[in-house]
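The residues making up each chain are set out below.
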Amino acid sequence: MTLRVMKLSDRFRGAVIRSTLVCFALLFAGCSLGDHGGSENVSIVIQPQADGPSGGAMILEDTYDLVKKRVIPDVAEISQGIRLDPINGPRRKDDLEFRIWTKFGGTGDAKTLGVRSSEGRYSAYFFETDGTKAVAGSKDLPAPRSPWTKLLFEVRSRLTTPLGLVRDPEFSLSRHEPLIVLEVFDAGEYQMVFYGHLTKFKDGKRLISVCEYLAGEFDVDLDCDYGKELQKG
């Protein structure tokens, strides 16, 4: 008699263990350990979890890409308005030209300073614009305080030490924040990079520093660190 009870208990215990394992496997399916011999039927439906296509682009653009789409045509339009040839136009492969824009795309009165070197000849220009045409400046600035070769060496050194400028990987703009933009034609290649005037990114700060160096060399008011004015407001 005792042996039979033990066998029944073992059998019941085994049923409980099996039931427990099933319930763990079907967690959230409504399984209960409170009833092991009832006549209730349990229906289990497993829903597919695969997401359907969103209908959007396969490759997303970040904020920098979206802003660049506006900067490129705006730079071209303003350059044409103040009668500056585009830097990325046809030219000798060994020519060098760089152009810094400040307050670009914000208040509508962008400024630009550029330096050219071609076949041993050097020149510089500076313009203030109202967004469409020049309101002040000159296409032929006096020579810088330093010799031309020293100035170009200094700019190149500052822009390439320890490495060249890169875009801010966390690029963002606050409301009404204009840009500081650098265009360069060097070794037969055109490149552009830009940062917000409130940038805290190291390369953005480096470009502002180069801008201030050039403004001092040519004695022009370029508003390189316009972010300070924005912060006051």
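Residues numbered from 1 in each chain as written. Predicted model: local features only at pLDDT ≥ 70, side-chain atom pairs only at ≥ 80, totals over all residues. Heavy atoms only, no water.

1. Topic: the side chain of Lys103
Its location among the elements puts Lys103 in strand 1 (residues 96-104). In terms of polar contacts, Lys103 uses its side chain to reach the side chain of Asp223, at 3.4 Å. Apart from the residues lying within four places of it in its own chain, the contact partners of Lys103 are Asp109, Ala110, Pro178, Leu179, His197, Asp223 and Tyr226. (Helix = DSSP H or I, 4+ residues; strand = E, 2+ residues; numbered from the N terminus. Polar contact = N/O pair within 3.5 Å; in protein donor to acceptor, adjacent residues only side chain to side chain. Contact = heavy atoms within 4.5 Å.)

2. Looking at the sheet that holds strand 4 (residues 134-138)
Taken in spatial order, the six strands of this open sheet run 4-3-2-1-5-6, and their pairing is antiparallel. This sheet does not close on itself; its edge strands, each paired only once, are strand 4 and strand 6 (189-196). With strand direction ignored, the average angle separating the axes of adjacent strands in the sheet is 15 degrees. As defined by bridge partners, strand 3 (residues 121-129) adjoins strand 4 across four bridges and the pair is classed as antiparallel. Note on strand 4: the bridge partner recorded for Phe126 is Ser138. The strands that helix 2 (residues 63-81) touches are strand 1, strand 3, strand 5 (179-186) and strand 6; relative to strand 6, the one it contacts most, it runs at about 115 degrees. (Pairing = 2+ DSSP bridges. Axes fitted to C-alpha atoms, helices over the stretch in contact; angles between N-to-C directions.)

3. Brief notes about the confidence of the model for the chain
On average, residues of the chain carry a pLDDT of 83, and 77% of them reach 70 or more. Mean pLDDT across the secondary structure elements of the chain bottoms out at helix 1 (residues 2-25), with 42, and peaks at helix 4 (residues 202-218), with 98. (pLDDT = per-residue confidence, 0-100.)

4. A short note on unusual backbone geometry
At the junction of Thr161 and Pro162, the peptide bond is cis and its omega measures out at 0 degrees in the coordinates. Positive phi, close to 55 degrees, is recorded for Ala187, a residue that is not glycine. As for its position among the elements, Ala187 is in the loop between strand 5 and strand 6. Residue classification places Ala187 among the exposed positions, given a relative accessible area of 55%. (Buried < 20%, exposed > 50% of the residue type's maximum accessible area, 1.4 Å probe, protein only.)

5. A closer look at the environment of Phe98
You can see Phe98 is positioned in strand 1. Classification of Phe98 as buried rests on a relative accessible area of 5%. Residues Phe98 and Phe185, spaced 87 residues apart in sequence, show a C-alpha to C-alpha distance of 6.2 Å. Apart from the residues lying within four places of it in its own chain, the contact partners of Phe98 are Ile87, Leu113, Gly114, Val115, Tyr125, Leu152, Val155, Leu182, Glu183, Val184 and Leu214.

6. Observations regarding the packing of helix 3 (residues 148-160) against helix 4
Packing of helix 3 against helix 4 brings their axes to within 9 Å, and their N-to-C directions diverge by 170 degrees. With respect to helix 4, the axis of helix 3 lies roughly antiparallel. Of the residues in helix 4, those in contact with Trp148, Lys150, Leu151, Glu154, Val155, Arg158, Leu159 and Thr160 of helix 3 are Arg206, Ser209, Val210, Tyr213, Leu214, Glu217 and Phe218. Taken together, the residues of the contact of helix 3 with helix 4 sort by class into eight nonpolar, two polar and five charged. (Parallel < 35°, antiparallel > 145°, perpendicular 65-115°, else oblique. Nonpolar A, V, L, I, M, F, W, Y, C, P; charged D, E, K, R; others polar.)

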